[in-house]
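What follows is the residue order along each chain.
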Amino acid sequence: MSLELSKKALAVKPSATLAITAKAKELKAAGEDVVGFGAGEPDFNTPDNICEAAIKAIKDGFTKYTPASGTNSLKEAVCKKFKDFNGLDYKPSQIVISNGGKHVLTNIFNVILNPGDEVMIPAPYWLSYPEMVKMADGVPVDVITEFDNEYKATVADFEKAFTSKTKAIVLNTPSNPTGMLYTKEELEAIAKFAVEKDIYVVSDEMYEYLTYGDAKHVSIASLGDEIYKRTITVSGVAKSYAMTGWRIGYCGAPENVAKAMSAVQSHATSNPNSIAQKATEEALLGPQDSIAMMKKEFDERRKYMYGRVSKFPHVSCHEPQGAFYVFVDANEAIKLSYKGEKVNSAARLAEILIDDYKTAVIPCESFAADGHFRLSYAISMETIKKGLDRIEEFLNELN
Ligand code: PLP
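Residues numbered from 1 in each chain as written. Predicted model: local features only at pLDDT ≥ 70, side-chain atom pairs only at ≥ 80, totals over all residues. Heavy atoms only, no water.

1. Thoughts on the site of the ligand
Quick reminder of the rule: Summary of the distance rule: residues count as near a molecule or strand when at least one heavy atom falls within 4 Å of that molecule or strand. Here a polar contact is recorded for every N or O atom pair within 3.5 Å, except that within protein the pair must consist of a potential hydrogen donor and a potential acceptor, and residues adjacent in sequence are included only if both atoms are side-chain atoms. We get accessible surface area from the Shrake-Rupley algorithm with a probe of 1.4 Å; when it comes to residues, only the shown protein chains can shield them. Only protein atoms enter the 1 Å grid, on which a cavity is a set of points fitting a 1.4 Å probe that cannot get out and a pocket is an open set with protein on both sides within 12 Å along at least 5 of 7 lines, lining residues being those with an atom within 4 Å of a point. In this scheme, a molecule is assigned to a cavity or pocket if more than half of its atoms are within 2 Å of the grid points. Think of it as three bins: nonpolar holds Ala, Val, Leu, Ile, Met, Phe, Trp, Tyr, Cys and Pro, charged holds Asp, Glu, Lys and Arg, and polar takes everything else, Gly as well.
The full set close to the ligand counts 13 residues, and Gly101, Asn176, Asp204, Lys239 and Arg247 are the nearest of them. Between the ligand and lysine 102 there is a distance of 3.0 Å, counted from an oxygen atom to a backbone nitrogen or oxygen. The contact in question runs from a nitrogen atom of the ligand to an N or O atom on the side chain of aspartate 204, over 2.6 Å. Burial of the ligand by the protein amounts to 92% of the accessible area it has alone, namely 390 Å². Taking a 2 Å distance to the grid points as the criterion, the majority of the atoms of the ligand fall inside the largest pocket. Considering only residue class, the shell around the ligand consists of five nonpolar, four polar and four charged.

Shown next as structure tokens:
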């Protein structure tokens, strides 16, 4: 034996976005006026009524272990939310509450995959999916999508990537990083395909409340009994309720899947935080006005950001319909030169922006989107304006 790390651990890529974020933090600490477009979380505080519920839970002594997969009262609140918002009928025995959406997803891959099973992931994707699949001994398979189809995968795309080892599809709507939503018709076609092939759909709907304009969120599991039986619907309170630090995510799943996830979780982490569970109950069942306020603010920033970025030279983007990101295709920009040197990649573009313009953007190579970068509008309007001025100035320098 040796002290070598496991093959599994060595195969996991550390987050490539960290380098830019770390540099931005370093510059900020040194007193520089840095604009950070990297934010993956709302800039609002958790609403007061939710915080009060947590304080009450502490004072009431609700500070002990709960059932591993969450309290029954929170599972009932989640069922009500699934019914009212998503049109989905789940029983409490089909609900698992975990330590954030990430934990829900890692549990899912751990219970549905055997070594070598393949999971189709439409690319560009949120960079954690392939790493999570690998950690569960699965094989992530990129399903490449097109700008012209708003970066959404079609049945034809899935057909091409499908093999006898395919076990699941990951869907993410609204999408991080693209901000796009699948329509009901698109989901119906994918549902038919998943049922025909008899594979799971892991539907990550973390940003479901954050949709704008005419865009309407649809849960694939609501499209018929057969697809419902094959879908695990994932959501959480992090993004919609400004609760990223509380670490609560949940899913609705076929009963046997929920039971297996609950068993895995009972050995790995036991229950999610008891106080955060009480806070989540209040988030789901209490007044929703602060959510509406946050959404309105995001929408104003979204319109402003899209309005400007869509007119910038050498880049293009779609108008985002959900989440809080503008996804920028900079393939033309990176073919140009900056100070006599060809830019060449989104990673280099991001490096120039942080070094020379004190502006942090997320280069998307590790989202399987070479030549693209992501801008978050989960920051103040004033900061967005300043940062976009800087990016525009940089793009005008390219030749
Ligand atoms: N799914 C998507 C698409 C995300 O962007 C994120 C967070 O960035 C998550 C899931 C995980 O959320 P949580 O903070 O609840 O773990």
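2. Thoughts on the environment of isoleucine 275
Put simply, the rule is: Starting at the N terminus, helices and strands are each numbered in turn, a helix being any DSSP run of H or I of at least four residues and a strand any DSSP run of E of at least two. Here, residues are in contact when the closest pair of their heavy atoms is within 4.5 Å.
Looking at the element boundaries, isoleucine 275 is found in helix H11 (residues 274-285). Taking the C-alpha atoms as reference points, isoleucine 275 and alanine 368, 93 residues apart in sequence, are found 37 Å from one another. Those residues in contact with isoleucine 275 that sit more than four places away from it in its chain are Ala54, Ala57, Ile58, Phe62 and Thr63.

3. Quick notes on the domain arrangement of the chain
Keep this limit in mind: Domain delimitation follows an automatic or database domain assignment. Two parts placed together each lose some accessible area under a 1.4 Å probe, and adding up what both lose gives the buried area.
Considered domain by domain, the chain is made up of domain 1 (7-45 + 290-397) and domain 2 (64-285). Here the C-alpha centroids of domain 1 and domain 2 sit 26 Å apart. With 37 residues of domain 1 at the contact, the number on the domain 2 side is 34 residues. Taken over both partners, the interface formed by domain 1 and domain 2 buries close to 3000 Å², and the fraction arising from carbon and sulfur atoms is 63%. Sorting the residues of domain 1 by area buried against domain 2 places His318, Gln321 and Phe367 first, and these three jointly supply 23% of that buried surface.

4. Focus on empty space enclosed by the protein
To find the voids left in a structure, one rolls a probe of water-molecule size over its atoms. Just so we agree on the cut-off: Grid points are joined across faces, edges and corners, and a volume is the space filled by probe spheres set on the points.
Evaluated as defined, the whole model comprises one cavity of 30 Å³ or more. Counted as a void, the largest cavity has a volume near 140 Å³. If you trace the largest cavity, you find 16 residues lining it, with Pro122, Pro124, Asn172, Ser175 and Tyr182 closest to the centre. In terms of residue count, strand E5 (residues 166-172) provides more of the lining of the largest cavity than any other element does, three residues in total. Residues of the lining of the largest cavity, tallied by class, amount to eleven nonpolar, four polar and one charged.

5. Focus on helix H3 (residues 48-59)
Rules: Under the convention used throughout, the expected extent of a helix is 1.5 Å for every residue step, that is, one less than its residue count. For every residue, the accessible area obtained with a 1.4 Å probe (protein chains only) is divided by the maximum for its type, and the residue is called buried under 20%, exposed over 50%, and partly exposed between those limits. What the arc measures is the spread of directions leading from the helix axis to the C-beta atoms.
In this model H3 runs 16 Å from its N-terminal to its C-terminal C-alpha over twelve residues, within 8% of the 16 Å that 1.5 Å per residue would give. Listing the buried residues of H3 in full gives Ile50, Ala53, Ala54 and Ala57. Down the axis, H3 shows its buried residues gathered within 95° of arc, on one side only. Those residues of H3 that are exposed and angled more than 90 degrees off the buried face are Asp48, Lys56 and Lys59. Where H3 is buried, its residues contact H11. Of the residues one or two after H3, glycine 61 is the one with positive phi, at around 80°.

6. Topic: the environment of threonine 46
Inspection of the secondary structure puts threonine 46 in the loop between strand E1 (35-36) and H3. The exposure class assigned to threonine 46 is buried, which follows from its relative accessible area of 15%. Taking the C-alpha atoms as reference points, threonine 46 and alanine 242, separated by 196 residues in sequence, lie 5.0 Å from one another. Filtering out sequence-adjacent residues up to four positions away, threonine 46 remains in contact with Cys51, Tyr241, Ala242, Met243 and Trp246. A polar contact is formed between the side chain of threonine 46 and the backbone oxygen of alanine 242, at a distance of 2.7 Å. In this structure the side chain of threonine 46 is engaged in a polar contact, spanning 3.0 Å, whose partner is the side chain of tryptophan 246.

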